[in-house]
Amino acid sequence: MSCAVAVGRFDGVHRGHQFLLAEARQRAAGLPVVAYTFPPRGPSLLTLPAKVRLLRDHADEVVVAPWERIQDLSAEEFVGEELVARLGATVAVVGPDHRFGRDRAGDVATLQRLASPLNLAVHVVAPWRWEGEVVSAGRIRDLIARGEVDQAALLLGRPAWLAGSPTSGVKLARRLGYPTVNLDLAPELVRPRRGVYAAWVQWSLGESKALFYIGDRPTFPGLSPSAEVHLFTPPHGEVVGSVEVHLLSFLRPDERFADEKALARAIAQDRLRGEQILAGTHPPPRLLREAELRAPGAGL
Ligand SMILES: Cc1cc2nc3c(=O)[nH]c(=O)nc-3n(C[C@H](O)[C@H](O)[C@H](O)COP(=O)(O)O)c2cc1C
Ligand SMILES: Nc1ncnc2c1ncn2[C@@H]1O[C@H](COP(=O)(O)OP(=O)(O)O)[C@@H](O)[C@H]1O
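Keep in mind the model is a prediction, meaning the values are calculated, not measured.

What counts and what doesn't
- Residues numbered from 1 in each chain as written.
- Chains lettered and ligands numbered in written order.
- Predicted model: local features only at pLDDT ≥ 70, side-chain atom pairs only at ≥ 80, totals over all residues.
- Heavy atoms only, no water.
- Phe/Tyr/Trp six-rings, centres within 6.5 Å; stacked < 30°, edge-to-face > 60°.
- Helix = DSSP H or I, 4+ residues; strand = E, 2+ residues; numbered from the N terminus.
- Buried < 20%, exposed > 50% of the residue type's maximum accessible area, 1.4 Å probe, protein only.
- Lys NZ or Arg CZ within 6 Å of the ring centre and 35° of its normal.
- Contact = heavy atoms within 4.5 Å.
- Domains from an automatic or database assignment.
- Buried area = accessible area lost by both parts, 1.4 Å probe.
- Salt bridge = Lys/Arg side-chain N within 4 Å of Asp/Glu carboxyl O.
- Polar contact = N/O pair within 3.5 Å; in protein donor to acceptor, adjacent residues only side chain to side chain.
- Nonpolar A, V, L, I, M, F, W, Y, C, P; charged D, E, K, R; others polar.
- Near = heavy atom within 4 Å.
- Areas by Shrake-Rupley, 256 points an atom, 1.4 Å probe, with all protein chains shown as cover.

1. Some details on the packing of aromatic side chains
Part 1 of the reasoning: Evaluation of the coordinates by the stated rule reveals seven aromatic pairs.
Part 2 of the reasoning: Aromatic side chains Y36 and F78 sit 5.6 Å apart centroid to centroid with 75 degrees between the ring planes, which places their arrangement in the edge-to-face category. Residue Y36 is located in strand 2 (residues 33–37), and its partner F78 is located in helix 4 (residues 75–86); the two are separated by 42 residues in the primary sequence. Both residues of the pair, Y36 and F78, count as buried.
Part 3 of the reasoning: Above the face of the W67 ring, R41 is positioned so that its terminal group lies 4.3 Å from the ring centre.
Part 4 of the reasoning: Lying across the ring of F232, R271 places its NZ or CZ 4.4 Å from the centre.

2. Here's the deal with the environment of V34
Part 1 of the reasoning: Turning to its location among the elements, V34 is positioned in strand 2.
Part 2 of the reasoning: Owing to a relative accessible area of 4%, V34 belongs among the buried residues under this scheme.
Part 3 of the reasoning: Once the C-alpha coordinates of V34 and A59 are considered, the two residues, 25 residues apart in sequence, prove to be 5.7 Å apart.
Part 4 of the reasoning: If we skip the residues at most four places from it in the chain, V34 touches C3, A4, V5, A6, E61, V63 and L87.

3. With respect to the domain arrangement of the chain
Part 1 of the reasoning: Each assigned domain of the chain is listed here: domain 1 (3–134) and domain 2 (137–294).
Part 2 of the reasoning: Taken together, the contacts link 21 residues of domain 1 with 20 residues of domain 2.
Part 3 of the reasoning: Buried area between domain 1 and domain 2, both sides added, is near 1,800 Å², and the carbon and sulfur share of it is 58%.
Part 4 of the reasoning: Area buried by domain 1 at its contact with domain 2 is led by L45, R53 and W130, which between them contribute 31% of it.
Part 5 of the reasoning: Counting across the domain 1 and domain 2 interface gives two salt bridges.
Part 6 of the reasoning: Taking the shortest distance from any N to any O, the salt bridge between R141 and D11 comes out at 2.7 Å.
Part 7 of the reasoning: Taken together, the connections running from domain 1 to domain 2 amount to ten residue pairs in polar contact (both at pLDDT 80 or more).
Part 8 of the reasoning: Those elements giving two or more residues to the side of domain 1 that touches domain 2 turn out to be helix 1 (15–28), helix 2 (48–55) and strand 7 (133–134).
Part 9 of the reasoning: In terms of residue class, the side of domain 1 that touches domain 2 is made up of nine nonpolar, six polar and six charged.

4. Quick look at the site of ligand 1
Part 1 of the reasoning: With respect to spatial proximity, 23 residues lie near ligand 1, and among them V170, L172, T219, E228 and E255 are the closest.
Part 2 of the reasoning: R252 places a side-chain nitrogen or oxygen 2.8 Å from an oxygen atom of ligand 1.
Part 3 of the reasoning: When ligand 1 is considered free in solution it has 620 Å² of accessible area, and contact with the protein chains removes 99% of it.
Part 4 of the reasoning: Secondary-structure elements contributing two or more residues to the shell around ligand 1 are helix 8 (172–176), strand 11 (206–215) and helix 9 (260–278).

Set out below in structure tokens:
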């Protein structure tokens, strides 16, 4: 069946990607819109299931290309065999910087040259900008690594996101008066700057406003680095399955305190600020479906 295809890694499914997919919808003139994407490689903004889930909001079908099959295709083979023969694309919509094929050798001019004999209409969209600068996944990854999650949210169209599974802590947090759920974060996700954030947290059976901490726990030499959430609404029972963390605001960097009491006082302040920031906010849409949330280890 013929379709209109938009191709790319689509890391973040950011507002530039959303604009591109809206353009694809227009150009498709009633044909189904296919988002053709690749599994995450290197530090990413989303896990694959979350990316697929978001792309589904903007496309009729999402195709995840296995690297093993397509990594050795030349630009010509990619367009001819993959997009036109396998997918049935008659329209391709890409941004001006789009590269494809082995070694990213093909650019927009290559695509246009290859497309005409294949009856493939190519549309190149102007890059979507924010405050004059082109929005890109790389720019958003840098913002998150610097803790600038509120800026990242403007470019993403939703808060920066993390996912992980609960792990057991050393039960120190309870003694501090701030119980936490320790998280084993999905390894492919970009790590935000170390410190404390106001966040919304969701798990299979609930959701809560929260503080998110990621850091080296310098107050306790000997402890390993950790990522943990302190939930304002404590869960009924254990938190199991995947946990989603939406980072709304950076509160402060990771610090070394003189003792446990000083740390507990700082966390009390964090909690007050977190409550202020989160007051009146609503939980963002979940990026993992119920099935993925329920099945522990079901690939985040
Ligand atoms: C909101 C919050 C902020 C934190 N800030 C710091 C910090 O600045 N420095 C630090 O050494 N540990 C900090 N911690 C981490 C505590 O040291 C951590 O909760 C403790 O090590 C508990 O470990 P456990 O969960 O394994 O029991 C923070 C924890 C939370 C929940
Ligand atoms: N800010 C933007 N505005 C419009 N299109 C964009 C923007 N950023 C990326 N794109 C396009 O979205 C598609 C997927 O993006 P991405 O995965 O980041 O690029 P690529 O696959 O070329 O590395 C590509 O066609 C790319 O050109």
